[in-house]
Amino acid sequence: MTDGPRQRGSAAPSTSEDGAADTGKAAGQSVALKKEIGLVSACGIIVGNIIGSGIFVSPKGVLENASSVGLALIVWIVTGIITAIGALCYAELGVTIPKSGGDYSYVKDIFGGLAGFLRLWIAVLVIYPTNQAVIALTFSNYVLQPLFPTCFPPENGLRLLAAICLLLLTWVNCASVRWATRVQDVFTAGKLLALILIIIMGIVQICKGEYYWLEPANAFEPFQDYDVGLIALAFLQGSFAYGGWNFLNYVTEELVDPYVNLPRAIFISIPLVTFVYVFANIAYVTAMSPQELLASNAVAVTFGEKLLGVMSWIMPISVALSTFGGVNGSLFTSSRLFFAGAREGHLPSLLAMIHVKRCTPIPALLFTCISTLLMLCTSDMYTLINYVGFINYLFYGVTVAGQIVLRVKQPDMHRPIKISLVWPVIYLLFWAFLLIFSLYSEPVVCGIGLAIMLTGVPVYFLGVYWDNKPQCFNTFVDKMTYLGQKFCVVVYPVEDEKKNEESGEEIELKEQSVPLSAEDEQTPKSADC
């Protein structure tokens, strides 16, 4: 941790033997996060992060807790509508507070440093490592499932393949932002094609008269008693499948024309995903009974085996490619969250640095990769989903509540997008329903999540709020940061707020020189604003 947001000023550049300033780049070139994400890539980030593993894993969890096919479909539709409402709220916040970091930045600016830190702390420890681990394990499951047709793949094999996937994609993201976005675009297109194939096969099934479980009399026939607490868990499972709708807000500073492309990408992506999800689930029940669906650990594979015959290998390959792209998108966006947190002094300052040539946040990417590898100690994905769903919804609600607080505190603040307050109120009512019944149904799971979050309180006061740390501690941190800089070949970018003549304020990251070779020079320290 650092003592506060690091200083935005430039450090003295190191000098090479010939007397020239060595900044890691040629003169006139800047070391910065580049604005390389256009509208297509922005939609690819949202769709690619949402359609990771959820639609291929959560149908089982949603149906199991909803207790009937009809109610499960209602859960998918309602969750999509609520997700769209939440996205509307985030669109306003994203153009009002145009900073990378998403809800962490919004919570910190509206509610203060401690609230923002707790959001970051739980994201570091649980949310993003867990989310990435779940998607990577799902990738492994779909790759290995055809090799084990009569039993489940071995857990060690699942973990090993998931780790290889994470390491490969971390390397891609460290190498180039452009490579990472191209991987995201390609695999997003691939996963949409896989789901379109599922939907088309479902339509063919309906045309053949295979819609027994879609008839109202059969669709709402429960296979177990309805329970409000279980229905709340069904919504949590569904919300996991829609998770990632807010990830574009984490890379706002890398968006081309964020005031236009951020809301536009949200408005295109969320309805598309909702349509695909609902009709994919309709397709599933045209080929499988609820009992068959619940018995399958790889729903899309079972669906393909029933309808594709000798071509059934298409489904596990398609789903594997889909989840592979999901891991890439999650690594890309979560690393930017940790980068933003370090830039504000809430994480070690090394994580706020980028490579001198590749302009990628390599320390933040390595950090999120290592934390995800540690999370692979378990392959119980459904327990992990419950942790992620509850904690995510907790902070989604806090962020949307912050939108209302900001309207009250700063009513005259410039808002390129301004929605009716009816929408955040509707979202908060649904949010309260989920939290109350989730606590009632799974008090241990929710309690553990809250306890992990609260461990961040002493960490905040010791690591961030405490200014006058011992000199020996500061020296140790400086030396470790310096060693990390040399290992990763990274420097600080500097925030420079400029006035854009047409669209208002725009944040641009420029170069800050940091010594990488002179042993007697000291790494720039963090300083209070």
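Bear in mind the structure is a predicted one, so any value in this text is a computation, not a measurement.

## Focus: the overall build of the protein
Argument step 1. Along the backbone of the protein there are 19 helices and 6 strands.
Argument step 2. Buried positions account for 58% of the 529 residues belonging to the protein.
Argument step 3. Restricting to contacts in the protein with at least 6 residues of sequence separation, those with at least 24 account for 81%.

## Description of the confidence of the model for the protein
Argument step 1. In this model, the protein carries an average pLDDT of 78, and 83% of its residues clear a pLDDT of 70 or more.
Argument step 2. Predicted confidence in the protein is weakest over strand β6 (residues 504–511), with a mean pLDDT of 37, and strongest over helix α3 (residues 69–96), with 90.
Argument step 3. Low pLDDT, under 50, characterises residues 3–28; the predicted model gives this stretch 61 contacts beyond four residues in sequence or across chains.
Argument step 4. In the model, residues 496–529 has pLDDT below 50 throughout and makes 103 contacts with residues more than four positions away in sequence or in other chains.

## Considering the packing of helix α17 (residues 443–454) against helix α18 (residues 456–465)
Argument step 1. Interaxial distance between α17 and α18 falls to 5 Å at its minimum, and their mutual angle equals 10°. The angle between the axes of α17 and α18 places the two elements in the roughly parallel class. Contacts from Ile452, Met453 and Leu454 of α17 reach α18 at Gly456, Val457 and Pro458.
Argument step 2. In terms of residue class, the contact of α17 with α18 is made up of 5 nonpolar, 1 polar and no charged.

## A closer look at the side chain of His355
Argument step 1. Along the polypeptide, His355 turns up in strand β3 (residues 354–355).
Argument step 2. At 3.1 Å, the side chain of His355 forms a polar contact with the backbone nitrogen of Lys357.

## Brief notes about the packing of aromatic side chains
Argument step 1. A full pass over the atoms with the stated rule returns 21 aromatic pairs.
Argument step 2. One aromatic cluster in this structure is built from Phe117, Trp121, Tyr460, Phe461 and Tyr465.
Argument step 3. The cationic tip of Arg336 hangs over the ring face of Phe332; the distance from NZ or CZ to the ring centre is 4.0 Å.

## Let's talk about the nonpolar core
Argument step 1. Within the largest apolar cluster, 120 residues are counted, with the highest numbers of intra-cluster contacts made by Leu248, Tyr277 and Tyr393.
Argument step 2. No other element matches helix α10 (residues 258–287), which puts 15 residues into this core.
Argument step 3. Filtering out sequence-adjacent residues up to four positions away, Tyr393 remains in contact with Ile82, Leu236, Ser239, Tyr427, Phe430, Trp431, Leu434 and Leu435.
Argument step 4. If you look at the next biggest cluster of nonpolar residues, it comprises 22 residues, including Val172, Phe187, Phe324 and Leu331.

## Some details on the side chain of Thr96
Argument step 1. Along the chain, the position of Thr96 falls in helix α3.
Argument step 2. A polar contact is formed between the side chain of Thr96 and the backbone oxygen of Glu92, at a distance of 2.6 Å.
Argument step 3. Not counting residues up to four positions away in its chain, the partners in contact with Thr96 are Leu406, Met413, His414 and Arg415.

## Re empty space enclosed by the protein
Argument step 1. Here the structure, examined in full by the defined rule, presents 5 cavities of 30 Å³ or more.
Argument step 2. As a volume, the second largest cavity reaches approximately 90 Å³.
Argument step 3. Taken together, Pro59, Val62, Leu63, Val69, Ala72, Leu73, Trp76, Asn281, Tyr284, Val285 and Leu293 form the lining of the second largest cavity.
Argument step 4. Of all the secondary-structure elements, those providing two or more residues to the lining of the second largest cavity are α2 (54–66), α3 and α10.

## Here's the deal with the packing of helix α16 (residues 422–441) against α17
Argument step 1. Direction vectors running N to C along α16 and α17 enclose 115°, while the axes themselves pass 5 Å from each other. Here α16 is positioned roughly perpendicular relative to α17, judged by the angle of their axes. From α16, Ser438, Leu439, Tyr440 and Ser441 reach across to α17, where they touch Pro443, Cys446 and Leu450.
Argument step 2. A per-class count over the contact of α16 with α17 returns 5 nonpolar, 2 polar and no charged.

## With respect to the pattern of salt bridges
Argument step 1. Enumeration over the complete set of coordinates arrives at 10 salt bridges.
Argument step 2. Ionic pairing is found between Arg407 and Glu92, a salt bridge with its closest N-O pair at 2.8 Å. Of this pair, Arg407 sits in helix α15 (residues 381–409) while Glu92 sits in helix α3, and the two are 315 residues apart along the sequence. In this pair, the class of Arg407 matches that of Glu92, namely buried.
Argument step 3. Among the salt bridges present, the one from Arg119 reaches Asp103, with a minimum N-O distance of 3.1 Å. On the criterion of sequence distance, the pair formed by Arg119 in helix α5 (residues 113–144) and Asp103 in helix α4 (residues 103–111) is long-range, its members being 16 residues apart.
Argument step 4. On the accessibility criterion, Arg119 (1% relative accessible area) is buried.
Argument step 5. Counted as one network, the salt bridges with shared partners bring together Lys99, Lys108, Asp109 and Glu344.

## Here we look at α4
Argument step 1. Judged by how many residues are buried, α4 sits mostly within the fold: 7 of 9 residues are covered.
Argument step 2. Turning to α4, its buried residues are Asp103, Tyr104, Ser105, Tyr106, Val107, Lys108 and Ile110.
Argument step 3. Following α4 by one or two positions, Gly112 has its phi on the positive side, about 105°.

Definitions and cut-offs
- Residues numbered from 1 in each chain as written.
- Predicted model: local features only at pLDDT ≥ 70, side-chain atom pairs only at ≥ 80, totals over all residues.
- Heavy atoms only, no water.
- Helix = DSSP H or I, 4+ residues; strand = E, 2+ residues; numbered from the N terminus.
- Buried < 20%, exposed > 50% of the residue type's maximum accessible area, 1.4 Å probe, protein only.
- Contact = heavy atoms within 4.5 Å.
- pLDDT = per-residue confidence, 0-100.
- Axes fitted to C-alpha atoms, helices over the stretch in contact; angles between N-to-C directions.
- Parallel < 35°, antiparallel > 145°, perpendicular 65-115°, else oblique.
- Nonpolar A, V, L, I, M, F, W, Y, C, P; charged D, E, K, R; others polar.
- Polar contact = N/O pair within 3.5 Å; in protein donor to acceptor, adjacent residues only side chain to side chain.
- Phe/Tyr/Trp six-rings, centres within 6.5 Å; stacked < 30°, edge-to-face > 60°.
- Lys NZ or Arg CZ within 6 Å of the ring centre and 35° of its normal.
- Core = buried A, V, L, I, M, F, W, Y, C linked by side-chain atoms within 4.5 Å.
- 1 Å grid on protein atoms, 1.4 Å probe; cavity = no way out; pocket = protein on both sides within 12 Å on 5 of 7 lines; lining within 4 Å.
- Points joined across faces, edges and corners; volume = space filled by probe spheres on them.
- Salt bridge = Lys/Arg side-chain N within 4 Å of Asp/Glu carboxyl O.

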